[in-house]
Amino acid sequence: DKEFMIPFLPSSSDAETLENTFRKLTNEKREREVTRTGPGLWVSLKVLQGDMTSMQEGSKSHLVVGRPTIARKIGFPELILPNDVRNDLYVNIYSAELSRLSKTADRNIEVVVEAVDDTGAVLSDAISAGASAEVGRDFSSVVYYHEGKPRWNEVIRLLVPVELYSQVHLRFTFKHRSRNEAKDKLGPAPWALAYMKLVNESNGTTVKDGYHDLLVYKIEKKFDLTNPTYLDLPSLKTNNSSHKNKLLQYSNSLSLITKDVLCVHTTLCSTKLTQNLGLLSLLKWRSEPDKLKQNLSVFAREVKAAEVVKFLPDVLDALFSILMENSDSELYDNLVFEALVAVIEMVTEDKFKQFVPVLEVYINENFSATLAYNKLLVVFKDYVEAATGHRESMPMSSVEQRRKCEKLGQAMNSLQFLLKFVVRSRFLFSNLNGGKGAEPF
């Protein structure tokens, strides 16, 4: 339990950014106790160890008053349990370079951020300015006085339902704030805009983590913001020459300011949305059934463990759905078996062993494929027979036999969990059928 004195810091200049002011405060050395003299803010801080329930019900209950704010980290914890569902997109409105155009001085820029669907409707509960802030329809940035290259570095959290992601984009409108705007009851009208889609149209993956340079368009007075025709225009600043052709064919309502740019940074923290195309293809396998064989092969070969463990329950659900819903056992059972072995290998790697309990929880509580045991055993038996030369069906080439031997070796490393799936599946099947058929198994 300690008190801290946070001194008030005068701004070194009118042009100093809020980011630099914060850096001065947070980088201040606290090695020696700050004297109590001078202007500042005293705060008392105490760290309580334990979960929320024990804090509210135990001896520390007088310190945990009301409903405390839960601030989640921008990133995933080391362990993601099956029931820990999260779907947050963090957007950092980082900086901009904006031209004066017809003005004699740089504007006092305010950026307003909104989540808008493809019909032009603004989502009413989609944007949060911080852990303790209410979720609302927009966010307004800090305003710097006559600054053409503002650097905000302000982070917001976007909360959009998973099923709406492909229909929603972020719209950034630029306003000039002045002391004379009180005359206008509606406030200043935006003079420029930029936008960013949440999903890549080309492949359906969610926008990648990192910095994005957005094009800035000047708004003419007759432009209607409720009609998002700007979605036909390019949003990202690239060297693609096809952008120019699109712009030339567009109406006079918007005009590209070629030198201007808005820079934003995004970080996705979601257990439902992925930025990996191979993983997305597996999770949405029903939408492209004709590519299922290729997508299963790509998944087992190329998708990394760090991505799979975040979506472990959904990945396993998809694999067992494919196993049970496809009648072509000769084609799909082996591919699903190999993908399942690949998942088990990922989870049991030293780097990701903390996810083994998550796999156990899935098998005991979430797994529901009552007929999977038979298909898994048939494939495993086929591998064993192929490797030992006791296969009774048609003979194989030496290349195919070597491949089967290799796959059997991988399956043996994953045998503990393969058999747990088999036993759990048989147990569920037996319960469903009143305990019949136990002896053959």
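Draft legend 1. Fine view of unusual backbone geometry. Non-glycine residue H146 carries a positive phi angle of around 50°. Mapping H146 onto the fold places it in the loop between strand 6 (138–140) and strand 7 (151–158). The phi angle at N153 is positive, at roughly 55°, despite the residue not being glycine. Following the sequence through the fold, N153 ends up in strand 7. By relative accessible area, N153 is classed as partly exposed at 27%.

Draft legend 2. Structural detail: the pattern of salt bridges. Throughout the structure, instances matching the rule amount to 16 salt bridges. Between E114 and R171 there is a salt bridge, and its shortest N-O distance comes to 3.1 Å. Remark: R171 occurs in strand 8 (residues 168–176) and E114 occurs in strand 4 (residues 109–117); sequence separation between them is 57 residues. Look at R171 and you get buried, because its relative accessible area is 4%. A salt bridge links D333 to K375; the nearest nitrogen and oxygen atoms lie 3.6 Å apart. Here D333 is found in helix 8 (residues 329–347), whereas its partner K375 is found in helix 10 (residues 372–388), with 42 residues between them in sequence. In the salt-bridge network here, residues are joined through shared partners; they are R86, D88 and R157.

Draft legend 3. Representation of the sheet that holds strand 4 in the model. In spatial order, the strands read 5-7-3-11-10-9-8-4-6; together these nine strands make up an open sheet with antiparallel pairing. Among the strands making up the open sheet, the edge pair consists of strand 5 (127–128) and strand 6. Bridge count for strand 5 against strand 7 is two bridges, and the pairing is antiparallel. Residue pairing across strands places I127 opposite L158, the latter belonging to strand 7.

Draft legend 4. Summary view of the packing of aromatic side chains. Overall, the coordinates contain 11 aromatic pairs when judged by the stated rule. An angle of 50° between the planes, with centres 6.2 Å apart, marks the rings of F174 and W191 as tilted. Taken as a pair, F174 in strand 8 and W191 in the loop between strand 8 and strand 9 (192–197) lie far apart in primary sequence, 17 residues in all. Per residue, the accessibility class of F174 equals that of W191, and both read buried. Relative to F421, the ring of F320 has its centre 5.1 Å away and its plane inclined at 45°; by these criteria the two rings are tilted. Linking F320 in helix 7 (residues 312–325) with F421 in helix 12 (residues 415–432), this pair joins segments that are 101 residues apart in sequence. Judged by its relative accessible area of 5%, F320 is buried. Here a set of aromatic residues connected by ring pairs shows up, and it is made of F320, Y362, F367 and F421. When the ring centre of W191 is taken as origin, the NZ or CZ atom of R107, which lies over that ring, is 3.8 Å away.

What counts, and at which threshold
Residues numbered from 1 in each chain as written. Predicted model: local features only at pLDDT ≥ 70, side-chain atom pairs only at ≥ 80, totals over all residues. Heavy atoms only, no water. Helix = DSSP H or I, 4+ residues; strand = E, 2+ residues; numbered from the N terminus. Buried < 20%, exposed > 50% of the residue type's maximum accessible area, 1.4 Å probe, protein only. Salt bridge = Lys/Arg side-chain N within 4 Å of Asp/Glu carboxyl O. Pairing = 2+ DSSP bridges. Phe/Tyr/Trp six-rings, centres within 6.5 Å; stacked < 30°, edge-to-face > 60°. Lys NZ or Arg CZ within 6 Å of the ring centre and 35° of its normal.

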